[in-house]
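Close look at the chain arrangement
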Amino acid sequence: MNRRKDETSSKKGQKMDRRQALKKVGIGAAAATGVIVGAPAVHAKKRYRWKMVTAWGPNMPYLQTETEAWAKMVDKLSDGRLKIKVYAANELVPAFGIFDAVSSGTYQAFHCTPYFWAGKIPASQWFACVPFGLNAQGMNAWHFHGGGLQLWEEAYKPFNLIPRVAGNCGCQMGGWFRRKIETMDDYKGLKMRIPGLGGKVVAKAGGTVTLTAPPEIFTSLERGVIDAAEFVNPLLDMKMGLYKAAPYYYYPGWHEPGSVSEATFNADAYNSLPKDLQALLDYTTQTLNFRMLTGFEADNSAALRKLIDVYKVNVIAFPPNVLKGLKVLADEVLEEEAAKDAMAKKTHESFKKFRNEIGPWSVASEKAFYDYLLREYKV
Ligand code: CA
């Protein structure tokens, strides 16, 4: 008797325990919602650890700092599955070594501006910027809606790289000069740091062009190794101290009206990611592009003011005859450079067609608006 009672009690106790246990893991709620609350994760998520090398100095505003912020966002949005550690130029490799380091798979990603790779891929110059070409708005439109990015992917494919648009400086300044530029003749014999297609225009005007890496620009200009140097815009040029190296600061950056930066991935590393992490990179680099452009737009005005008011810099517009002369040479350079390489030719034709298509709208919208603004503002 006692023994049977004990068995009954025991069965009752087991039933109670199972009901409590089911309630604890939320199975009761599953019948109503179809969601199993508190169920253990069934998919073990693979974790990825990447290194990104850049062409920028440590703490370089936006170019470096916003890229580091982007990497943190990727970490957060992937719930720690993809962690990218960002290294400034020379921390792991020099600025101009990053392309090879990522192409070969030593590192998984780099951040830079594509015209630095003109020697390997002439078309890369068009993906960055075109002298008298398109502003940031136009470059984004071409890359995302006019076929620019597809051509860029095609051009990088033989190097096992996948590019993404990941930054824009907006319209740059014309550069720092140790002597004034008043006519086209002043370019004759001028030693200038100016990359990309703009550099080829200055060379055609009679200058000697160097492609000094960003971290070395200041020393080169200050010591008089070069007579002039362009870098980016008031914010970054001030940070680099270029106002201490040359007295004349010219505008506009006719050679870089809307320079694109890239986050470029080793194709094997990118393709080894699950689709959701690939999409995460594709979309968050667009945020990096946006954050960089808007950051520069917000900060350049105060930097320009400080250069003028505090550092007493001579900020000068290029004379109209000089811009006119440079434009003539730029048109020739674009055709000549495009003719040398099939991919560059294809890219040039795409760019030219797109610019001609959106040109009238630019005149009716942005140009008309800025013409009006000129009545209120001056440098
Ligand atoms: Ca530049």
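Each remark here, short or long, concerns the structure printed above.
Report follows, based on the coordinates. (Residues numbered from 1 in each chain as written. Predicted model: local features only at pLDDT ≥ 70, side-chain atom pairs only at ≥ 80, totals over all residues. Heavy atoms only, no water.)

As for the overall build of the protein chain
- Helices and strands together make up the secondary structure of the protein chain, namely 14 helices and eleven strands.
- A total of 379 residues make up the protein chain; the buried ones form 50% of that total.
- Of all intrachain contacts in the protein chain linking residues separated by at least 6 positions in sequence, the fraction that spans at least 24 positions is 77%.
- Put simply, the protein chain shows about 19,000 Å² of open surface, and 55% of that area lies on carbon and sulfur atoms. (Helix = DSSP H or I, 4+ residues; strand = E, 2+ residues; numbered from the N terminus. Buried < 20%, exposed > 50% of the residue type's maximum accessible area, 1.4 Å probe, protein only. Contact = heavy atoms within 4.5 Å. Areas by Shrake-Rupley, 256 points an atom, 1.4 Å probe, with all protein chains shown as cover.)

A closer look at the pattern of salt bridges
- Using the criterion set out here, one finds 20 salt bridges in the structure.
- One salt bridge in this structure joins arginine 291 and glutamate 66, with 3.1 Å as the shortest N-O distance. With arginine 291 in helix H12 (residues 275-309) and glutamate 66 in helix H3 (residues 65-77), the pair connects residues that are 225 residues apart, well separated along the chain.
- Between glutamate 336 and lysine 204 there is a salt bridge, with its nearest N and O atoms 2.8 Å apart. With glutamate 336 in helix H13 (residues 320-339) and lysine 204 in helix H8 (residues 196-204), the pair connects residues that are 132 residues apart, well separated along the chain.
- Taken together, the shared-partner salt bridges in this structure form one network comprising Glu335, Lys345, Glu349 and Lys352. (Salt bridge = Lys/Arg side-chain N within 4 Å of Asp/Glu carboxyl O.)

Points about the packing of aromatic side chains
- Within the structure shown, the criterion is met by 22 aromatic pairs.
- Seen from their ring centres, phenylalanine 96 and phenylalanine 116 are 5.0 Å apart, and the 65° between their planes marks the pair as edge-to-face. Of this pair, phenylalanine 96 sits in the loop between strand S2 (82-87) and helix H4 (98-103) while phenylalanine 116 sits in the loop between strand S3 (109-112) and helix H5 (124-128), placing them 20 residues apart in sequence.
- Note on phenylalanine 116: relative accessible area 8%, which makes it buried.
- Relative to tyrosine 249, the ring of tryptophan 176 has its centre 3.7 Å away and its plane inclined at 15°; by these criteria the two rings are stacked. On the criterion of sequence distance, the pair formed by tryptophan 176 in strand S5 (residues 175-177) and tyrosine 249 in strand S9 (residues 248-251) is long-range, its members being 73 residues apart. (Phe/Tyr/Trp six-rings, centres within 6.5 Å; stacked < 30°, edge-to-face > 60°.)

Overview of the sheet that holds S2
- Spatially, five strands are ordered S2-S1-S3-S10-S4 in an open sheet, and the strand pairing comes out mixed. The outermost strands of the open sheet, each flanked by one partner alone, are S2 and strand S4 (161-168). Strand after strand, the sheet turns through a mean of 25° between neighbouring axes, direction not considered.
- Pairing of strand S1 (residues 48-54) with S3, which is carried by three bridges, proceeds in the parallel orientation. The partner of valine 53 across the bridge, within S3, is phenylalanine 110.
- Where helix H7 (residues 148-156) meets the sheet, it contacts S4 and strand S10 (260-266), and its direction lies at approximately 135° from that of S4. (Pairing = 2+ DSSP bridges. Axes fitted to C-alpha atoms, helices over the stretch in contact; angles between N-to-C directions.)

Quick word on helix H14 (residues 342-373)
- The largest bend along H14 reaches roughly 50° and is located at serine 362.
- Those residues of H14 that fall on the buried side of the exposure criterion are Met343, Ala344, Thr347, His348, Ser350, Phe351, Phe354, Arg355, Ser365 and Leu373.
- If you follow the buried residues of H14, they end up packed against H5, helix H6 (136-145), H7 and H13. (Bend = angle between axes of the 7 residues up to and from the residue.)

Some details on the nonpolar core
- Counting residues in hydrophobic clusters, the biggest one holds 95 residues, and the most contacted among them are Trp50, Trp70, Leu82, Ile84, Phe110, Trp176 and Leu281.
- For this core, the element with the highest residue contribution is H12, accounting for ten residues.
- Setting aside chain neighbours within four positions, we find tryptophan 176 in contact with Leu221, Asp227, Ala228, Ala229, Asp237, Leu242, Tyr243, Ala246, Tyr248, Tyr249, Leu307 and Val313.
- By size, the runner-up hydrophobic cluster in this structure holds 19 residues, among which are Tyr250, Trp254, Ala330 and Val333. (Core = buried A, V, L, I, M, F, W, Y, C linked by side-chain atoms within 4.5 Å.)

A few points about the sheet that holds strand S11 (residues 314-317)
- Ordered by their spatial adjacency, six strands build an open sheet running S7-S6-S8-S5-S9-S11, and the pairing between neighbours is mixed. Two strands in the sheet have a free side with no partner beyond their single neighbour: strand S7 (208-210) and S11.
- For strand S6 (residues 191-193) and S7, the ladder comprises three bridges, and the chain directions are parallel. Across the sheet, residue arginine 193 finds its bridge partner in S7, namely threonine 210.

As for the layout of surface pockets
- In this structure, the largest pocket spans a volume of roughly 2,200 Å³.
- The wall of the largest pocket is formed by 44 residues, among which Asn135, Cys171, Pro252, Pro257 and Tyr370 lie closest to the centre.
- When contributions to the lining of the largest pocket are tallied by element, the ones reaching two or more residues are H6, H12 and H14.
- Residue classes in the lining of the largest pocket are distributed as 24 nonpolar, twelve polar and eight charged. (1 Å grid on protein atoms, 1.4 Å probe; cavity = no way out; pocket = protein on both sides within 12 Å on 5 of 7 lines; lining within 4 Å. Points joined across faces, edges and corners; volume = space filled by probe spheres on them. Nonpolar A, V, L, I, M, F, W, Y, C, P; charged D, E, K, R; others polar.)

Section: the environment of leucine 273
- In this fold, leucine 273 is placed in the loop between helix H11 (267-271) and H12.
- For leucine 273 and lysine 46, which are 227 residues apart along the polypeptide, the C-alpha to C-alpha distance reads 9.1 Å.

By themselves, these observations are geometric and do not establish any function.
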